[in-house]
Amino acid sequence: MFGNSFKLFTWRGVEIFMDLTALFIIVFYVATLGGVSRNDGLLVGVAVGVLIISSILIHELAHAAVGMLLGAKVDKIMLSVIGGVCVFRSKRASNWRDLLISLAGPASNFALWFIFNLSFEQTRNQSFQTTAWIYICYYVSQANLLLAIFNLLPGFPLDGGQALRALVLLVTRRELWAAWAVALGGLGVGGFFAYIVINELQSGQPSILNVLLLGMLGYWIVSASLGQLQSVQQFTGQAMRFKRPNAAPPPEKQERTLEGIPAGALANRGFDSTFSPRTTIIEFLARTSNIPDGVMIPVLRDGFFAGMLSRSIARKVSRDQQQFTYLEKIMLPRRDFQAVYEDDDLGMARLLLRAGRGKPVLVLDRGGVFVGSISAAELEKVRR
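Now for a description of the structure that goes with this document.

Definitions and cut-offs
Residues numbered from 1 in each chain as written. Predicted model: local features only at pLDDT ≥ 70, side-chain atom pairs only at ≥ 80, totals over all residues. Heavy atoms only, no water. Helix = DSSP H or I, 4+ residues; strand = E, 2+ residues; numbered from the N terminus. Buried < 20%, exposed > 50% of the residue type's maximum accessible area, 1.4 Å probe, protein only. Contact = heavy atoms within 4.5 Å. Areas by Shrake-Rupley, 256 points an atom, 1.4 Å probe, with all protein chains shown as cover. Phe/Tyr/Trp six-rings, centres within 6.5 Å; stacked < 30°, edge-to-face > 60°. Pairing = 2+ DSSP bridges. Core = buried A, V, L, I, M, F, W, Y, C linked by side-chain atoms within 4.5 Å. Axes fitted to C-alpha atoms, helices over the stretch in contact; angles between N-to-C directions. Parallel < 35°, antiparallel > 145°, perpendicular 65-115°, else oblique. Left-handed = near helix turned anticlockwise from the far one by under 90°. Lys, Arg positive; Asp, Glu negative; His and termini not counted. Salt bridge = Lys/Arg side-chain N within 4 Å of Asp/Glu carboxyl O. Polar contact = N/O pair within 3.5 Å; in protein donor to acceptor, adjacent residues only side chain to side chain.

### Side note on the overall build of the chain
Thinking step 1. Per the secondary structure count, the chain includes 13 helices and 10 strands.
Thinking step 2. Counting the 384 residues in the chain, one finds 44% classified as buried.
Thinking step 3. Within the chain, contacts between residues at least 6 apart in sequence are counted, and of these 63% link residues at least 24 apart.
Thinking step 4. Carbon and sulfur atoms make up 58% of the accessible area of the chain, which amounts to about 20,300 Å² in all.

See the structure below:
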């Protein structure tokens, strides 16, 4: 898929590509609707196919537009016979932003359904004879309604599954809970599709096309939903494996200025410039031009700490390689850092800072999600 694509146009710096397989949508509707109107059957089929491809494009443009409004950077949009993909180059780590971006696509389809359905009703009521426009409005409105509902199903990687994940994270801040919610949602969707397939097979005149399509969609959603759960289970397990003292240091060895202060109160949470491990070095340097070279910047994967690096580390890579090298290749990995929980005493953070020889101490919530970091300089301000 996407192996034989061509560029349609560029919108606000975002390149729009369409795979040749998307043309099968037009062929399908020409074959299906070619006989609905005696004189305009071919026109109806072509128009419906083109408008449905346009609806898929508007769906992806809605994701892109809302994402850019919320600070994300969009790489490209690709269309094919199975739908569209909006590829984000980077997004700010924010659950409510992810929720809005996920819901933007289905919302655009609901809007198109309303517009074409309203036009269908008005045309049908004002005309005494069947026209091509009535057929076009009807089929495009129904297709957009189906697109909206399908994309809101609570399975991965559909918009509904991503919105559910973001919502659970927003409420609970527990990555594993969100992954379980999406996995159960995906299993529910797969079970529903299986129920439809069984009824179709028992009908006596089953549609082989419907059976194959629903079977493939169900398998795709279930496997993707369970796959993301397995990934998160592995990652959350690793997220808790930091070298930490088994107990807090004895009270007499703690400085009074640090007693009773939770680590979360001092954690540096200002991470508007966090990055994923798959960010390129050239983008990292461009987005951190106002940050001093020695400041350590976190690299996160789905909210979990993956590593840290500074501009001085990134600039050691030659310029001709910066656009091809990802941060995961040069960052200081998670195993090089130690962590405390946000409700731990600052005395523990102080011990770890000494043991880490100047490296920041990470602050995690009880679910292992990265909250912030504490540097020796920040701790020194409290001691003063």
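More follows now that the structure is in view.
### Quick look at the environment of Gly 161
Thinking step 1. If you trace the backbone, Gly 161 turns up in helix H5 (residues 159-172).
Thinking step 2. When the C-alpha positions of Gly 161 and Ser 225 are compared, they lie 8.2 Å apart, and in sequence the two are 64 residues distant.
Thinking step 3. Contacts of Gly 161, omitting those with residues within four sequence positions, involve Leu 153, Pro 154, Gly 155, Phe 156 and Val 182.

### Observations concerning the packing of aromatic side chains
Thinking step 1. Going through the model one piece at a time under the given rule, you end up with 6 aromatic pairs.
Thinking step 2. Centroid distance Phe 120 to Tyr 138: 5.4 Å. Interplanar angle 50°. Geometry classified as tilted. Remark: Tyr 138 occurs in helix H4 (residues 132-151) and Phe 120 occurs in helix H3 (residues 95-126); sequence separation between them is 18 residues.
Thinking step 3. The class for Phe 120 is buried, based on a relative accessible area of 10%.
Thinking step 4. Overall, the relative accessible area of 34% leaves Tyr 138 in the partly exposed class.

### Overview of the sheet that holds strand S6 (residues 304-309)
Thinking step 1. With respect to topology, 3 strands assemble into an open sheet ordered S5-S6-S7, the strand pairing being antiparallel. Single-partner strands in this sheet number two, and they are strand S5 (297-301) and strand S7 (332-333).
Thinking step 2. Pairing of S5 with S6 involves 5 bridges; the strand directions are antiparallel. Along S6, the bridge assignment pairs Arg 301 with Phe 304.

### Some details on the nonpolar core
Thinking step 1. Counting 30 residues, the largest nonpolar core has Tyr 29, Val 48, Ile 52, Ile 77 and Leu 79 as the members making the most contacts within it.
Thinking step 2. Of all the secondary structure elements, the ones that give two or more residues to this core are strand S2 (14-19), helix H1 (23-33), helix H2 (41-69), strand S3 (73-80), H3 and H4.
Thinking step 3. With 9 residues, the top contributor of residues to this core is H2.
Thinking step 4. Filtering out sequence-adjacent residues up to four positions away, Tyr 29 remains in contact with Gly 34, Gly 45, Val 48, Gly 49, Ile 52 and Ala 143.

### Remarks on the packing of H2 against H3
Thinking step 1. Closest axis-to-axis distance for the H2/H3 pair is 8 Å, and the angle between their directions is 140°. By the angle between their directions, the pair H2 and H3 is classed as oblique. As for how H2 packs across H3, the hand of that crossing is right-handed. In this structure, H2 contributes Leu 51, Ser 55, Ile 58, His 59, Ala 62, His 63, Val 66 and Gly 67 to the contact, and H3 contributes Leu 100, Ile 101, Ser 102, Ala 104, Gly 105, Pro 106, Ser 108, Asn 109, Leu 112 and Phe 116.

### Overview of the pairing of S3
Thinking step 1. In this structure, S2 lies alongside S3, joined through 4 bridges in parallel fashion. Paired with Ile 16 across the bridge in S3 is Ile 77.
Thinking step 2. The sheet contact formed by S3 and strand S4 (residues 83-90) spans 7 bridges and is antiparallel. In the strand pairing of S4, Val 74 is matched with Phe 88.

### Brief notes about the side chain of Asp 19
Thinking step 1. Within the secondary structure, Asp 19 is located in strand S2.
Thinking step 2. Buried and unpaired, Asp 19 has Lys 76 as its nearest opposite-charge partner, separated by 11 Å.
Thinking step 3. One polar contact links Asp 19 to Thr 21, side chain to side chain, over a distance of 2.7 Å.

### Remarks on the pairing of strand S9 (residues 361-364)
Thinking step 1. Neither face of S9 is exposed, since Val 361 and Val 363 on one face and Leu 362 and Leu 364 on the opposite face are all buried.
Thinking step 2. Pairing of strand S8 (residues 339-341) with S9, which is carried by 3 bridges, proceeds in the parallel orientation. Bridge pairing in S9 places Ala 339 opposite Leu 362.
Thinking step 3. Bridge analysis of S9 against strand S10 (residues 370-374) gives 4 bridges, and the strand direction is antiparallel. Looking at the pairing, Leu 362 lines up with Ser 373 of S10.

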